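# Descriptive analysis of the structure
The lines below spell out each chain.
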Amino acid sequence: MDDARASPKVQLIMNACSASKAADVVLAVGAKPCMGCTTYEEAALTASLCDVTVLNFGTPTTAEIANAVLSAQNVVVDPVGCGLETRGRTVKEWLERRGAVARDASDVRPMRTVVKGNRSEIEALIELFAVNGSVGANLSVTPESSDGDCAEKDVFDALNQLSEKLGAMIVMTGSVDYVTTPRSTRVDGAPGNEAVHEFDAPILQKFSGAGCCLGAFLAATVPGSGLANARALRASCLVYRRIATDVVRLGNFSGPASFQVAFFDALASLKSYE
Ligand SMILES: Nc1ncnc2c1ncn2[C@@H]1O[C@H](COP(=O)(O)OP(=O)(O)OP(=O)(O)O)[C@@H](O)[C@H]1O
Ligand SMILES: Cc1ncsc1CCO
């Protein structure tokens with residue numbers, strides 16, 4: 001996905017809870033979803049045929065399946081539940097191996113990695129990678145997150161260190177979204193840190209999978225080179241939140257279940273994700 005393709009193919013290695021929601025989000029925005037991950041061979045082949053892979057570590061993703069996409073060119077990683085010790089180990093090992101593969105390939109082709117997690121998951125990664133800092137969240141062994149009370153400057157300080165260690169972009173979600181770029185890959189003059197405060201829609205936390213679906217949305221709407229660009233990632237996070245607030249304003253729903261239907265309809269009605 002080096003160019004802004006009209007209809008990118010998106011491999012979705014998703015948790016059981018969010019899989020069909022994510023596939024529908026990808027379809028809604030005009031891209032092509034493909035799960036393709038029942039065996040190691042199938043996962044590797046599908047990754048090689050797709051423009052971008054979403055690797056979500058919620059059940060039933062195994063280390064074996066995750067390792068099949070280590071050398072995919074563009075990967076959006078969702079470290080769901082990495083505050084749980086066993087899953088945290090799996091996620092950490094994968095990210096370390098991915099970093100090594102990407103460094104080895106860097107002269108030949110760019111490999112882009114975006115880690116998209118909620119605030120508690122990012123806090124868990126901060127601990128796992130021994131970063132000297134915090135984003136102020138409580139650790140959680142479930143996908144539940146907490147927003148935490150932490151100055152934005154300290155949030156970015158911790159995110160920048162983590163991003164550099166991973167060699168990956170970070171998108172940290174919550175009532176505010178944060179995007180950060182590894183310092184060593186920042187293009188001169190381009191902003192490496194972005195925050196999205198706009199468009200408050202807390203209903204996105206009232207059903208399971210809004211964060212997982214954001215991972216799929218980013219994969220489907222941000223072109224390959226944009227996956228290494230904080231501005232481009234910010235722009236898609238912003239659109240996702242804006243559409244949610246539009247739906248809330250129109251009020252054609254009666255709770256979290258019907259909100260999702262209206263939200264997916266609104267995603268599908270948007271003509272451009274530029
Ligand atoms: N108050 C809010 N206003 C606007 N957007 C929000 C708000 N809270 C969360 N979001 C958005 O909702 C999505 C889910 O965020 P959250 O941090 O809850 O993810 P998550 O815990 O990974 O979700 P899940 O595990 O259920 O998929 C993100 O796109 C985030 O930007
Ligand atoms: C509830 C749940 N448990 C593992 S993944 C998932 C979906 C939301 O992340």
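Above this text you will find the structure in question.
A few points on the structure. (Residues numbered from 1 in each chain as written. Chains lettered and ligands numbered in written order. Predicted model: local features only at pLDDT ≥ 70, side-chain atom pairs only at ≥ 80, totals over all residues. Heavy atoms only, no water.)

### Quick notes on helix 5 (residues 119-128)
The condition that has to hold: Per-residue accessibility, obtained with a 1.4 Å probe over protein chains only, is compared with the maximum for each type, and a residue is labelled buried under 20%, exposed over 50%, and partly exposed between these values. Strands are runs of DSSP state E lasting at least 2 residues, helices are runs of H or I lasting at least 4, and numbering of each runs from the N terminus. By definition in these notes, contact holds between two residues if any of their heavy atoms fall within 4.5 Å. Pairs of N or O atoms are called polar contacts if they sit within 3.5 Å, as long as, within protein, a hydrogen donor faces a hydrogen acceptor (for residues adjacent in sequence, only side-chain-to-side-chain pairs).
Among the 10 residues of helix 5, 8 are classified as buried, and the element is accordingly described as predominantly covered. Within helix 5, burial applies to Arg 119, Ser 120, Glu 121, Ile 122, Glu 123, Ala 124, Leu 125 and Ile 126. On its buried face, helix 5 sits against strand 4 (74-78), helix 4 (85-105), strand 5 (112-118), helix 6 (152-166), strand 6 (169-173) and strand 7 (177-180). The backbone nitrogen of Ser 120 has a side-chain oxygen 3.1 Å away, supplied by the residue at the start of helix 5, namely Asn 118.

### So, the packing of aromatic side chains
Test applied: Side-chain rings of Phe, Tyr and Trp (the six-membered ring for Trp) are treated as a pair once their centres are within 6.5 Å; stacked means planes under 30 degrees apart, edge-to-face means over 60, and tilted covers the remaining angles. Whether a charge sits over a ring depends on NZ of Lys or CZ of Arg being within 6 Å of the ring centre and within 35 degrees of the ring normal.
Inspection of the entire model under this criterion finds 8 aromatic pairs. Centroid distance Phe 57 to Trp 94: 6.3 Å. Interplanar angle 70°. Geometry classified as edge-to-face. Taken together, the positions of Phe 57 in the loop between strand 3 (52-56) and helix 3 (63-67) and Trp 94 in helix 4 put the pair 37 residues apart, joining distant regions of the chain. You'll find Phe 57 and Trp 94 in the same group, each marked buried. The rings of Phe 207, Phe 217, Tyr 240, Phe 253, Phe 259, Phe 263 and Phe 264 are connected pair by pair, giving a single aromatic cluster. Stacked on the ring of Phe 129, the Lys or Arg Lys 92 has its end atom at 5.6 Å from the ring centre.

### Description of the site of ligand 2
Rules: Whether a residue is near a molecule or strand is decided by its heavy atoms; if any one of them lies within 4 Å of it, the residue is near. Only the protein chains shown count as covering a residue, and every accessible area follows the Shrake-Rupley method with a 1.4 Å probe. Charged means Asp, Glu, Lys or Arg here, nonpolar means Ala, Val, Leu, Ile, Met, Phe, Trp, Tyr, Cys or Pro, and polar covers whatever is left, Gly included.
By nearness alone, every residue bordering ligand 2 is listed as Asn 15, Cys 17, Ser 18, Val 80, Pro 143, Ser 208 and Cys 212. The fraction of the free accessible surface of ligand 2 (280 Å²) that becomes covered by protein chains is 74%. In the shell around ligand 2, the residues fall into 4 nonpolar, 3 polar and no charged.

### Quick notes on the pattern of salt bridges
When the charged atoms of two side chains with opposite charge come close together, those side chains can pair. Note the cut-off: Any Lys or Arg side-chain nitrogen located within 4 Å of an Asp or Glu carboxyl oxygen qualifies as a salt bridge.
Under the criterion given, the structure shown has 10 salt bridges. Between Glu 96 and Lys 92 there is a salt bridge, and its shortest N-O distance comes to 3.0 Å. Pair noted here: Glu 96 and Lys 92 are both in helix 4, with a separation of 4 residues, about one helical turn. Here Glu 96 falls in the partly exposed class, since its relative accessible area comes to 38%. Across the salt bridge formed by Arg 234 and Glu 194, the nearest N and O atoms sit 3.3 Å from each other. A residue pair is termed long-range when its members are at least 10 positions apart, and Arg 234 in helix 8 (residues 230-250) and Glu 194 in strand 8 (residues 193-196) qualify at 40 residues. Glu 194 matches Arg 234 in its accessibility class, with the two residues each being buried.

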